[in-house]
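# Architecture at a glance
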Amino acid sequence: MLTNLHKLGTPPENSIWIVGAARSGKTARLVEQFCLWSKTVKSLPATLSSRGRSGRRRAGQTAPAILVLAANGENRLELADRIAVATQAKYAFHSTTPFGFFEQEVLLFWPLLVESLDLRAQFPLRLQPETELELAARLWRRELDEGILQQTGVSPNRMVRRTLDLLQLAAVSGTPREEIPSILEQGFALSDGSNSLWTSMGELLERWWEWCLRRGLLTYGIVCELYWRYLLPNPAYQQQLASRYQAVIADDVDDYPAISRHLFDRMLDRGAVGAFSYNRDGGVRLGLGADTEYLAQLENRCQSVENLDAKAGLVPEIGDLAVSLAVNTEGFYPLGLTLPGSVRSLETTSRAQLLRETAEIIVDAVKSEAVEPQEIAVIAPGMDAIARYSLTEILARSGIATESLNDQRPLSTTPEIRALLTLLALVYPGLGRLVDRDAVAEMLVILGSQKHREAVETEDSQPNNFHLKSQIPNAKSIDPVRAGLIADSCFCPNVDRPQLLAITVFPRWDRLGHRAARAYEQIVEWIEQQRLQQQERLLPSPIALLDRAIQKFLIDDRYLACDRLAALRELMETAAHYWEIQGRMQRVEPTNSSDSETIAQFIQLLRQGTVTANPFPVGLEGPAARAVTLANIFQYRSSRRAHKWHFWLDAGSPLWLSGGAATLFGAPLFLRSQLGRTWETEDETAADQQRLRRILVDLLSRCSVLYLCHSELAVNGQEQTGPLVPLIQSAVSCQQSGIQHSAFGLRHST
């Protein structure tokens, strides 16, 4: 064990603090340190690490593991893979994220919490954010209806989310939940609410806390408070923690919550060693729970400090200049500015024209082999649906794929998901109010898009012709026009049992074509079979029905794009979680509610636009990996990727000042350096400028060619006057004066 190295005659290890900008080699240095520590204890009776990525102990190993932490799930997978490659997978370790670790420890040591908090002995279940929101809204229904929980201009659902976020912010900052009202009162000084509102929020959160723990339900905020406040101080747990982990490696701690430092301090106090990487220009999650300044103080616990001075990308050339132009509040800019040829400006009048010309430049660059698609990233402060669709469609015409980073859209925006929800309402009784003519027509188009082998074989029995036709992807047997005609004549609305009638009810059904008629008959026949099984209690659950429908209509003998498959995975994971929670609620507080009522709540939950949690990340392979990346600023910085070419879309937008990511309500008040202070306008201005500086330096570190894509008018028709306008004007001036020369031979618009 590392804590016994001195007794064994081996020099004691020192904790290491590694500071550097993006792409300066911090992660590589951590991997190197992991290899060194592994070799250091190789000759000891027990190896340093005993847990792998799966968390299982290897036979004959009793020594604790190295704990390896990364800021998020995607970074965790990459770091774990790099360590495995560097060590040839000879040494096991435990890889996770900070919250993943907190949750794992709370679940693993739940008996200690049951004993210390006098809880009911039941296995806890973690609530997903969408389920958490729904249950809290139910619990606080009276306060919402009576206006007790209300702020001007804030919807009830948003008010519930704000209140729950306060519990989360307090938990990750290491602040007792009882202090939330006083922190809000001191911080906002009556500017965003009233003392009675803050008091009500505190009381509702206390009720929510007790309500969840009585039922064994955990949320992000509850998990974090249970860990730092009740589990981490427990002597029995501290002993277990010290015996399990001798070392900790943490990458990008500038994105960690404050309670991560509590964990690190405990581990270091108990003799563990640590290696931590820190980026002064990081802090991507600042405002969403991270406490960059507080984690920076961890440097004082490290005996060795390494500064990696390497600057990547365009930072050495224009980093200081870009920051000066964007953050200069006095409005004075130096004369004679020159920008390198690697910085270009694309200006248009309208945003629609901007999207088109941006896509055309990308197409020209790829066709001329100046750059590969996977070396291009289009980044915007807010990558809206219009931009994603326009860029994707234009690039697709030239055979260029796109990848949207963590495209967190409501599930109900996916046609396949809407079709499955309509199918649920047609199979289970009492859901007729959730089905209308348009929904049925859309369902027929989606479910009737599979390749019907029976129909094809009937029309042409030649094997060769059948083989050729069966290769046509997603051949539409029922197009939107036919679907509308069928829905008008064959859909019979009913509150209890809406029905799809036989195709012959349509007077001119023969005009629909054999393939469309056959596809419709198969859908109706399948629905009737499922109804019959549901009545005979042979249909296990709505989840089973969704799975059957997906197998039958959506992935049987057809190709689905990665984003569609991801949406289906999200739906199944969300449904499984939803019914698991409903099962727990029924066991704790039995009610007479039927399956149909639960299904109705589930359908309404998704249709109201709830954004569900992303499924487990899976890397793209094959042709899909050669794709242009589309992302907003927050998503791109979180992924910590780098691309040769950057296109900063909507470069003139004022949203660059906020980084495109909404800060949680009250987030600045829970920073350790801010506790007990009033959040003034000057603080807000300084925070925005610091954020913009970090964004510019971070993004410039991740590219070697930059296009500033700017339209004079935004989508709403207003003039764009964002903080990057001086930088754009400098680039335009250089282009017009001939100072800047293009090395790419591409067309440009000024």
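Residues numbered from 1 in each chain as written. Predicted model: local features only at pLDDT ≥ 70, side-chain atom pairs only at ≥ 80, totals over all residues. Heavy atoms only, no water.

## Thoughts on the overall build of the chain
Stated precisely, the cut-off is as follows: Where helices and strands are cited, they refer to DSSP runs of H or I of at least four residues and of E of at least two residues respectively, numbered from the N terminus. Type-normalised accessible area, obtained with a 1.4 Å probe on protein chains alone, sets the label of each residue: buried when under 20%, exposed when over 50%, and partly exposed for intermediate values. Note on contacts: a residue pair qualifies if any of its non-hydrogen atoms lie within 4.5 Å across the two residues. Only the protein chains shown count as cover for residues, with accessible areas throughout obtained via the Shrake-Rupley method and a probe of 1.4 Å.
Counting its secondary structure elements, the chain contains 28 helices and 16 strands. The proportion of buried residues among the 750 residues of the chain is 53%. The long-range fraction of contacts in the chain, counting pairs at least 24 apart against all pairs at least 6 apart in sequence, stands at 79%. Approximately 32700 Å² of the chain is accessible, and the part contributed by carbon and sulfur atoms is 50%.

## A word on the nonpolar core
Selection rule: Among buried residues, those of type Ala, Val, Leu, Ile, Met, Phe, Trp, Tyr and Cys that are joined through side-chain atoms within 4.5 Å constitute a nonpolar core.
Phe101, Trp140, Trp208 and Phe264 are the most contacted members of the largest nonpolar core, which has 87 residues in total. With 10 residues, the top contributor of residues to this core is helix α9 (residues 195-214). With residues near it in sequence (within four places) discarded, phenylalanine 264 still touches Leu69, Val248, Ala250, Val253, Tyr256, Phe276, Leu295 and Leu298. Counting 59 residues, the second-largest nonpolar core is a separate cluster that includes Ala425, Leu444, Ile446 and Leu447.

## Details of helix α8 (residues 180-188)
Let me state the cut-off plainly: The arc in question is traced by the directions running from the helix axis to the C-beta atoms.
Ile180, Pro181, Ile183, Leu184, Gly187 and Phe188 are the residues of α8 that are buried. Buried residues along α8 cover an arc of 165° about the axis, so they all sit on one side. Those residues of α8 that are buried are in contact with α7 (156-173) and α9.

## Focus on the pattern of salt bridges
What counts here: What makes a salt bridge here is a side-chain nitrogen of Lys or Arg within 4 Å of a carboxyl oxygen of Asp or Glu, nothing more.
Summed over all chains, the structure comprises 38 salt bridges. Across the salt bridge formed by aspartate 165 and arginine 161, the nearest N and O atoms sit 3.2 Å from each other. Of the two residues, aspartate 165 and arginine 161 both sit in helix α7, four residues apart, roughly one turn of that helix. For arginine 161, a relative accessible area of 15% puts it in the buried group. Ionic pairing is found between glutamate 403 and arginine 641, a salt bridge with its closest N-O pair at 3.3 Å. Residue glutamate 403 is located in strand β11 (residues 401-404), and its partner arginine 641 is located in the loop between α26 (633-639) and β15 (645-648); the two are separated by 238 residues in the primary sequence. Judged by relative accessible area, glutamate 403 falls into the buried class, the value being 19%.

## A word on the sheet that holds strand β2 (residues 65-69)
Quick reminder of the rule: Each pair of strands is called paired provided DSSP finds at least two bridges between the two strands. Angular values range over 0 to 180 degrees, each being the angle between N-to-C directions of two axes fitted as lines to C-alpha atoms, with helices fitted over their stretch in contact.
The strand order across the open sheet formed by six strands is β3-β2-β6-β7-β1-β8, and the pairing between neighbours is parallel. With one partner strand each, in any of the chains shown, β3 (94-96) and β8 (304-308) form the two edges of the open sheet. For this sheet, the mean angle separating the axes of adjacent strands, direction not counted, is 15°. As paired strands, strand β1 (residues 16-20) and strand β7 (residues 273-278) are joined by four bridges and run parallel to one another. Counterpart to isoleucine 18 in the pairing with β7 is serine 277. Along the sheet face, helix α3 (residues 98-108) touches β2, β3 and β6 (245-250) and points at about 115° away from the line of β3.

## Details of the side chain of histidine 646
The condition is simple: For the purposes of these results, a polar contact is taken to be a pair of N or O atoms within 3.5 Å, where, inside protein, one atom must be able to donate a hydrogen and its partner to accept one; residues adjacent in sequence count only when each atom of the pair is a side-chain atom.
Positionally, histidine 646 belongs in strand β15. Engagement of the side chain of histidine 646 in a polar contact is seen with the backbone oxygen of arginine 702, the distance being 3.4 Å. Once residues lying within four places of it in the same chain are set aside, the contact partners of histidine 646 are Ala377, Ile379, Tyr636, Leu699, Arg702, Cys703, Val705, Leu706 and Tyr707.

## Considerations on helix α23 (residues 542-554)
Since the α-helix packs 3.6 residues into each turn, any two residues three or four apart lie on the same face. Quick note on the threshold: The span expected for a helix works out to 1.5 Å for each residue beyond the first.
When the terminal C-alpha atoms of α23 are compared, their 17 Å separation across 13 residues agrees well with the 18 Å that a helix rising 1.5 Å per residue should span. Of all the positions in α23, only Pro542, Ala544, Leu545, Leu546, Ala549, Ile550, Phe553 and Leu554 are classed as buried. Packing partners of the buried residues in α23 comprise α17 (415-427), α18 (437-447), α22 (514-535), α24 (562-588) and α25 (595-607).

## Quick word on the environment of glutamate 317
Looking at the element boundaries, glutamate 317 is found in helix α14 (residues 315-327). In this structure the C-alpha to C-alpha distance between glutamate 317 and serine 342, which are 25 residues apart in sequence, comes to 9.6 Å.

## Quick word on the pairing of β2
Successive residues of a regular strand alternate their side chains across the two faces of the sheet. Counting buried residues in β2 gives five out of five residues, a clear majority hidden from the surface. Direction of pairing for β2 relative to β6: parallel, over a ladder of five bridges. Of the residues in β6, the one forming a bridge with leucine 69 is alanine 250. Two elements, β2 and β3, share three bridges in a ladder whose sense is parallel. Residue pairing across strands places leucine 69 opposite threonine 96, the latter belonging to β3.

## A closer look at the packing of aromatic side chains
Filter applied, for reference: Any pair of Phe, Tyr and Trp rings, taking the six-membered ring for Trp, is counted once the centres come within 6.5 Å. Such a pair is stacked with planes under 30 degrees apart, edge-to-face with planes over 60 apart, and tilted for the rest. Our definition puts a charge over a ring when NZ of Lys or CZ of Arg is within 6 Å of the ring centre and also within 35 degrees of the ring normal.
For the coordinates displayed, the defined rule picks out 26 aromatic pairs. The interplanar angle of 85° and the centroid separation of 5.8 Å between the aromatic rings of tyrosine 227 and tyrosine 237 together place this pair among those described as edge-to-face. Here tyrosine 227 is found in helix α10 (residues 220-231), whereas its partner tyrosine 237 is found in helix α11 (residues 235-244), with 10 residues between them in sequence. The buried category is assigned to tyrosine 237, whose relative accessible area is 0%. Between tryptophan 648 and tryptophan 656, the ring centres sit 5.2 Å apart and the planes meet at 35°, which makes this aromatic pair tilted. Judged by its relative accessible area of 0%, tryptophan 656 is buried. These aromatic residues form a ring-pair network of at least three members: Phe101, Phe102, Phe109, Tyr227, Tyr237 and Tyr245. Between the NZ or CZ atom of arginine 177 and the centre of the ring of tryptophan 209, over which it lies, the distance is 3.9 Å.

## A short note on unusual backbone geometry
Outside of glycine, negative phi angles account for most residues, and trans bonds account for most peptide bonds. We note that arginine 23 has phi near 60°; this positive angle belongs to a residue other than glycine. Here arginine 23 is to be found in the loop between β1 and α1 (26-40). According to the relative accessible area criterion, arginine 23 is partly exposed, its value standing at 45%. In this structure, aspartate 252 takes a positive phi of about 55° despite not being glycine. Mapped onto the elements of the fold, aspartate 252 is located in the loop between β6 and α12 (258-269).

## Notes on the pairing of strand β14 (residues 627-632)
Within β14, six of the six residues are buried, leaving the element largely enclosed by the surrounding structure. In this structure, strand β10 (residues 376-380) lies alongside β14, joined through four bridges in parallel fashion. Residue pairing in the sheet places valine 378 in a bridge with leucine 630 of β14. As paired elements, β11 and β14 share four bridges and run parallel to each other. If you follow glutamate 403 over to β14, its bridge partner there is threonine 629.

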